[in-house]
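Breakdown of the fold
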Protein chains: 2
Amino acid sequence: MDAAPAPGNVARWGGLPILRRKIGRFKIRMDIRDMTAAQLDVVGIGNAIVDILAHADESFLDRFGMSKGGMRLIDETQAEEIYAAMGSAVEASGGSCGNTIAGIASLGGKAGFIGKVKNDGLGRVFRHDITAIGAHFPTPPDETGPATARCLILVTSDAQRTMNTFLGACGNLGPEDVDADLIASAQVTYLEGYLFDPPHAKAAFRKAADIAHKAGRKVALTLSDAFCVNRYRAEFLELMRDHVDILFANEVEITALFETGFDEALASVRKLVPLVAATRGAHGSVIATADETIQVPAAPVAKIVDTTGAGDLYAAGFLYGYTQGKSLAEAGRLGSLCAAEIISHFGARPETPLNEYVAAAAA
Amino acid sequence: MDAAPAPGNVARWGGLPILRRKIGRFKIRMDIRDMTAAQLDVVGIGNAIVDILAHADESFLDRFGMSKGGMRLIDETQAEEIYAAMGSAVEASGGSCGNTIAGIASLGGKAGFIGKVKNDGLGRVFRHDITAIGAHFPTPPDETGPATARCLILVTSDAQRTMNTFLGACGNLGPEDVDADLIASAQVTYLEGYLFDPPHAKAAFRKAADIAHKAGRKVALTLSDAFCVNRYRAEFLELMRDHVDILFANEVEITALFETGFDEALASVRKLVPLVAATRGAHGSVIATADETIQVPAAPVAKIVDTTGAGDLYAAGFLYGYTQGKSLAEAGRLGSLCAAEIISHFGARPETPLNEYVAAAAA
């Protein structure tokens, strides 16, 4: 199924005259408003991944040596083996940053995504889904090379998700994919820590941060995963000190980063980064600046079905509120609400349009 | 992703010695117990389809001329157009009969499926999912020709689903795909009315019914859809009189078939078919034989999210109960329970293993 962005999606970018602009070998249609000042709220750079979700019991995780709640990288052969053994599944676009960008678009924000897929079935699914929800996705797909990335997610009866990622085409994301105009046009450039795994993405990451800062924009980072933190601790700390304005992390990730308890970790991180949002599951989140600490409760959920995407959607709500000029407390409240929507069903993209969900919660 | 049945799935077919048996060009591993008497509870023949589900509003249905709640056939070009315009989607194996067979397997029944996919991405998804849930799926995939079938399903805010099916590879299902041993080995052969749409499937349908009856087995049919009933009314009536032992239909389908009210339709159908299960949404179902009428209430659901698959899963619960020798009332109760599970979430394959769901409802 070909899923090139439909005119209907492009039209969301405004009613002004459209011009054809050549990017590499690909012609895409862009509204000329995109080319002027601060037109996007958030642009994300991340691994473009399709999730394949199934229920599993703990013995399945043990059998394949998976660590519950974490993300590990697997090769194509392992991906085949685990897929063949896992239960009946559901496919849905994912990727930590992709989920956040989709969430911001669903809230009504103007969002863009940079990430690498192949021009294959899953790649077309990823492109369809992120553009259909209203985000801009200019990165051309690869025509050759590894397949589009997939994440085999096993959801256990306690609603926890354990992730096995075959990065595939994401390995080809590099600095040449970072569109300087796009980055400069966004209030916030949002980067996922998982980007440190593919070989060239780190360079893309640093290039984007430089462009954003030179344009007077903010750079946000999510630590992504405790194992990811352990893989890249020194680099993360250096990046945070020099390049990061807003940090997202959950309790496990932030304590892994500083190899200490939560309070000590928070005390350390607020010296490095101007604005930190640390999520604590059912205990809500803590927003910290140099001189302010705000406790935000978790939003109520009738039944937690699948925690996949909870942190990603918290970031979506927070960044939407932040870029709309809301208070930090209100941004945190929006983050909690979006996380509540996502954990109440299977999968990490919103089922209810988030602008409607937030409006219903306010009513 | 290659999703050939894993050894783990084959192993569910028993602990007896396994022999390699050549079916066409394909070697599959089958337990020799399958080759003896009545080893399967139910074998289904149906269109092998992957569902692509998204939320939509009524204006979207109007824009594409869709009739809410129905199923229509579309060609590949229409499939591309609708997909490009529809929202962020979720992919999950579907097909009316495929859903029923998956449900029976999930209940712990021994189930098989005959249907045609291509050896492409969606075809491998379909094969993975139906075998992963424990069903037997011996039909070899096509290597050339049209792509695996997909159904673009738009779910409106009233939880109704409107379906647009591109039949693709299903058009190649023919009598040569009906494995006589497999049909003869099943207590019930279950056929979906939608099989009248692909050109050669009708012949497969009649061949399977003949084999089943010669082996002393039962033949079940679901009317599938009111539009389908209108397309094939005369043929359905002839088939029911001559070949069908158990009929599944909802209120709209059965009244469409006889072009009359529900009570009159029920009076007519019980003269044609020995056992009828007619579903009535929130009003439960009516089970009718020549001399008995049983009212079965609907099972409670906290929130109806998506009615896709409700009828398919009712048939799964009913046929599982029936082939386990339960009373008709108990079979109907199992049907209601399975339908309740499926409408409480997005998609038409069970999220909770149905044997656990049924056990929890009994507790």
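Note that the structure is a prediction, hence the values are computed from the model and not measured.

Focus on the overall build of chain A
When its secondary structure is counted, chain A shows 14 helices and 15 strands. Residue burial in chain A is summarised as follows: out of 363 residues, 57% are buried. Of the contacts made within chain A by residues no fewer than 6 positions apart, 75% connect residues no fewer than 24 positions apart.

Quick look at the relation of the copies chain A and chain B
At an RMSD of 0.0 Å, chain A and chain B line up after a rotation of 180° and a shift of 0.0 Å along the axis. Expressed as a symmetry operation, the mapping of one chain copy onto the other fits a two-fold axis. Taking C-alpha positions as reference, the residue of chain A nearest the rotation axis is E91 of chain A, located at 2.4 Å. Here 100% of the contact residues of chain A are again contact residues in chain B; the copies associate through an equivalent surface.

Points about the sheet that holds strand β8 (residues 149-155) of chain B
Read across the sheet, 10 strands follow the order β5(A)-β9(A)-β8(A)-β4(A)-β6(A)-β6(B)-β4(B)-β8(B)-β9(B)-β5(B) without closing on themselves; strand pairing throughout is mixed. Of all strands in the sheet, those with a lone pairing partner are β5 (71-73) of chain A together with β5 (71-73) of chain B, marking the two edges. Strand after strand, the sheet turns through a mean of 20° between neighbouring axes, direction not considered. Both strand β4 (residues 49-55) of chain B and β8 of chain B contribute to a ladder of 7 bridges, which runs parallel. Each residue of the ladder has a partner; that of D51 of chain B, found in β8 of chain B, is C151 of chain B.

Topic: the nonpolar core
Nonpolar side chains in soluble globular proteins tend to be buried together. The biggest cluster of nonpolar side chains holds 244 residues, and the ones touching the most others in it are L319 of chain A together with L319 of chain B. Once residues within four sequence positions are removed from consideration, L319 of chain B is found in contact with V42, I104, V188, Y190 and A220 of chain B.

Topic: the interface of chain A and chain B
Chain A puts 31 residues into the contact, and the matching count from chain B is 32 residues. Mapped onto the side of chain A that touches chain B, the elements with two or more residues apiece are α3 (76-85), β6 (90-93) and α5 (121-132) of chain A. Among the residues making up the side of chain A that touches chain B, the classes are represented as 17 nonpolar, 8 polar and 6 charged. Taken together, the 3 bridges between β6 of chain A and strand β6 (residues 90-93) of chain B define a ladder with antiparallel strand orientation. Pairing of V90 of chain A across the sheet is with A92 of chain B, part of β6 of chain B.

Topic: the pairing of strand β9 (residues 161-166) of chain B
Residues and elements named next belong to chain B. In terms of burial, β9 is a largely internal element, 6 of the 6 residues being buried. Residues R161, M163 and T165 of β9 are buried on one face, and the alternating residues T162, N164 and F166, pointing to the opposite face, are buried as well. Two strands pair when backbone bridges link them, and β5 and β9 are joined in this way by 3 bridges, in the parallel orientation. Bridge pairing in β9 links R72 to N164.

With respect to the packing of helix α12 (residues 310-323) of chain A against helix α13 (residues 328-343) of chain A
Residues and elements named next belong to chain A. Relative orientation of the contacting elements α12 and α13 amounts to 145°, with a least axis distance of 7 Å. Seen along the crossing, α12 lies across α13 with a hand that is right-handed. Side by side, α12 and α13 meet where A310, L313, Y314, A315, A316, G317, F318, Y320, G321 and Y322 of the first sit next to E330, A331, G332, L334, G335, S336, L337, C338, A339, E341, I342 and I343 of the second.

Some points on the pairing of strand β8 (residues 149-155) of chain A
All names here are of chain A. Among the 7 residues of β8, 7 are classified as buried, and the element is accordingly described as predominantly covered. The pairing of β8 with strand β9 (residues 161-166) spans 6 bridges and is antiparallel. Within β9, the residue paired with R150 across the bridge is F166. Between the antiparallel neighbours β8 and β9 lie 5 residues, among them A159 with a positive phi of about 75°.

Some thoughts on the sheet that holds strand β15 (residues 293-296) of chain B
All names here are of chain B. What the 8 strands build is an open sheet, ordered β7-β3-β10-β11-β12-β13-β14-β15; its pairing is mixed. Of all strands in the sheet, those with a lone pairing partner are β7 (111-114) and β15, marking the two edges. For this sheet, the mean angle separating the axes of adjacent strands, direction not counted, is 15°. As defined by bridge partners, strand β11 (residues 218-222) adjoins strand β12 (residues 246-250) across 3 bridges and the pair is classed as parallel. Each bridged residue has a counterpart across the sheet, and for T222 the counterpart in β12 is F248. In this fold helix α10 (residues 251-258) packs onto β12 and β13 (275-279), with an angle of close to 105° to the strand it touches most, β12.

Describing the confidence of the model for chain A
Residues and elements named next belong to chain A. With 90% of its residues at a pLDDT of 70 or more, chain A has an overall mean of 89. Long-range and interchain partners of residues 1-37, a stretch whose pLDDT sits below 50, account for 52 contacts in this model, where long-range means more than four residues apart. ipTM for the predicted complex: 0.83, alongside a pTM of 0.86.

Thoughts on helix α14 (residues 354-362) of chain B
All names here are of chain B. Taken residue by residue, α14 has L354, Y357 and V358 as its buried positions. The buried residues of α14 occupy one face: seen down the axis, they fall within an arc of 95°. Facing away from the buried side of α14 by over 90 degrees, the exposed positions are A359 and A360. Buried residues along α14 sit in contact with α4 (96-107) and α13 (328-343).

Reading the values: rules and limits
- Residues numbered from 1 in each chain as written.
- Chains lettered and ligands numbered in written order.
- Predicted model: local features only at pLDDT ≥ 70, side-chain atom pairs only at ≥ 80, totals over all residues.
- Helix = DSSP H or I, 4+ residues; strand = E, 2+ residues; numbered from the N terminus.
- Buried ≥ 20, exposed ≤ 12 C-beta atoms within 10 Å, placed from the backbone.
- Contact = placed C-beta atoms within 7 Å.
- Least-squares fit on C-alpha atoms with pLDDT ≥ 70 in both.
- Pairing = 2+ DSSP bridges.
- Axes fitted to C-alpha atoms, helices over the stretch in contact; angles between N-to-C directions.
- Core = buried A, V, L, I, M, F, W, Y, C linked by C-beta atoms within 7 Å.
- Nonpolar A, V, L, I, M, F, W, Y, C, P; charged D, E, K, R; others polar.
- Left-handed = near helix turned anticlockwise from the far one by under 90°.
- pLDDT = per-residue confidence, 0-100.
- Arc of directions from axis to C-beta.

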